[in-house]
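An overview of the molecular structure
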Amino acid sequence: MNTAAIALIVVLIIAMACGLEITWALGFACVVAVLLDPKLTFVVIAQRIFTNSNSFSMLAIPAFMLAGDIMSKGGLSKRLVAFADSLVGWISGGISLVSIVACTFFAAISGSSVATTAAIGGLMYPEMVDRGYPKEYAAAVQAIGGTLGIVIPPSIVLVIYGNITGTDVGALLMAGVIPGIVCCVFLCIYAYLKAKKCNFPKSDKFSFKRFLVSFKDAVWALIMPIIILGGIYAGIFTPTESAVVAVVYGMIVCLAIYREITLKSIWSIIESTATGTANLMILVVTAQMFGWLISYYQIPQAVTEFMLSFVSGKYMFWAIIIILLTICGMFLEVGATNLILGPILAPIAAAFGIDPIQFGLVFVFLLAMGQATPPFGTCMFVSCGISKQPVGKVSKELVPFVGVEIFCGILFALIPALSTWLPSVIG
């Protein structure tokens, strides 16, 4: 490995350790590497940036962000909560199950874990406390439920991962459906057992009439993920085009049916999305440049050869990945881990014979879990902000939930069909 390649990694680590934003840390590392390599010029880098950003699938990122913002502020949260309550609210610990199920529904709209925690947590935390749940446990439920936001499609993180690793974005989005539902079920099982053990309260018996009423009120929100996935499945539109369809559908529902936003507020939502998109796209393009240099210096091949000399098979490789990403989730933000490790680990996984769709799904799922792990989980911080509870107390309640998600991650690693079956059926 030459000097420029070593500098690329070392400068990135030092820049991040000094507190530099990940965008500038990646960019600075790339600039140093180019300056040290006589074979490279900034003209080549500019050409690579243009080539990487000139991608049709990249258009899905701002469109999904806008669709999520519109639906988040258009009155969907309370309708999804009411529907989830009619489904599982009557079970022991029902209101905690409602939070998790509502987060699952909302994840299929927002594509963002933080947005899911903020939207559902803002409604459900006060409700759980009012019904006698411990405040720190109620906050933990909101944080863990929000992690599903980047697993269930549409997921912005899956779109970015697909772009920077060359993995099919449509297949990745489809791969998140079954694991997201499976994880939701296991989280609900733990919440149910916790409620039985601690004798948490539950609401009234199941009412079919209440279920029908809440379903009727939430049906327009529930249809959106069906339109997205169904349209892709039927070949009516591509994953990128489905993001635009989601925007149009969201505007029609929130303006004409729910009527909780106006044309004036739509403009402010677009402005907010544009700001967020600009920051994100700069980060993605910088990461793509970093990824290209990683490939140019054959760092994945060097790491693969190193790992092959110590790792005897793919199951040991999976064990290392799960441990590595669990630790990274404790200290790094999702975007940083995705953009730095994605281009490095994806080729190594392929060398061990792991399906790229399966690896991408498990990789992003473990990143999602990291958003609830102390000390720096973003969903945990959002939930603590909503609840005004100290991080230490909420962290203690989060540990068993994180254990459930680690179990799910192992399950998805050992059973490829959970993530590859649906994409293979859709083709």
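Residues numbered from 1 in each chain as written. Predicted model: local features only at pLDDT ≥ 70, side-chain atom pairs only at ≥ 80, totals over all residues. Heavy atoms only, no water.

**Brief notes about the packing of helix H6 (residues 94-110) against helix H7 (residues 113-130)**
- Taken N-terminus to C-terminus, the directions of H6 and H7 make an angle of 160°; their axes are 9 Å apart at the nearest point. As summarised for this structure, H6 and H7 are arranged roughly antiparallel, according to the angle between their axes. Once H6 is placed against H7, the crossing between them reads as right-handed. Residue-level contacts link Ile 95, Ser 96, Val 98, Ser 99, Ala 102, Cys 103, Phe 106, Ala 107 and Ser 110 of H6 to Ala 115, Thr 116, Ala 119, Ile 120, Met 124, Glu 127 and Met 128 of H7.
- Its residues placed into classes, the contact of H6 with H7 shows eleven nonpolar, four polar and one charged. (Axes fitted to C-alpha atoms, helices over the stretch in contact; angles between N-to-C directions. Helix = DSSP H or I, 4+ residues; strand = E, 2+ residues; numbered from the N terminus. Parallel < 35°, antiparallel > 145°, perpendicular 65-115°, else oblique. Left-handed = near helix turned anticlockwise from the far one by under 90°. Contact = heavy atoms within 4.5 Å. Nonpolar A, V, L, I, M, F, W, Y, C, P; charged D, E, K, R; others polar.)

**Considerations on helix H2 (residues 22-36)**
- Relative to the 21 Å expected for 15 residues at 1.5 Å per residue, H2 spans 21 Å between its end C-alpha atoms, a close match to the ideal helical length.
- Looking only at H2, the buried set comprises Ile 22, Thr 23, Ala 25, Leu 26, Gly 27, Ala 29, Cys 30, Val 32, Ala 33 and Val 34. (Expected span 1.5 Å × (residues − 1). Buried < 20%, exposed > 50% of the residue type's maximum accessible area, 1.4 Å probe, protein only.)

**So, the nonpolar core**
- Core analysis: the largest hydrophobic core is formed by 152 residues, its most contacted members being Leu 8, Tyr 297, Phe 317, Phe 359 and Phe 363.
- Setting aside chain neighbours within four positions, we find Tyr 297 in contact with Asn 2, Ala 4, Ala 5, Leu 8, Ala 33, Asp 37 and Leu 40. (Core = buried A, V, L, I, M, F, W, Y, C linked by side-chain atoms within 4.5 Å.)

**Overview of the pattern of salt bridges**
- The tally for this structure, following the rule as stated, stands at three salt bridges.
- Between Glu 260 and Arg 79 there is a salt bridge; the shortest N-O distance is 3.1 Å. Of this pair, Glu 260 sits in the loop between helix H13 (239-257) and helix H14 (263-296) while Arg 79 sits in helix H5 (residues 76-88), and the two are 181 residues apart along the sequence.
- By relative accessible area, Glu 260 is classed as partly exposed at 35%.
- For the salt bridge of Glu 397 with Lys 194, the shortest nitrogen-to-oxygen distance reads 3.7 Å. Pair noted here: Glu 397 is in helix H20 (residues 391-414) and Lys 194 is in helix H11 (residues 177-198), with a separation of 203 residues, a long-range link. (Salt bridge = Lys/Arg side-chain N within 4 Å of Asp/Glu carboxyl O.)

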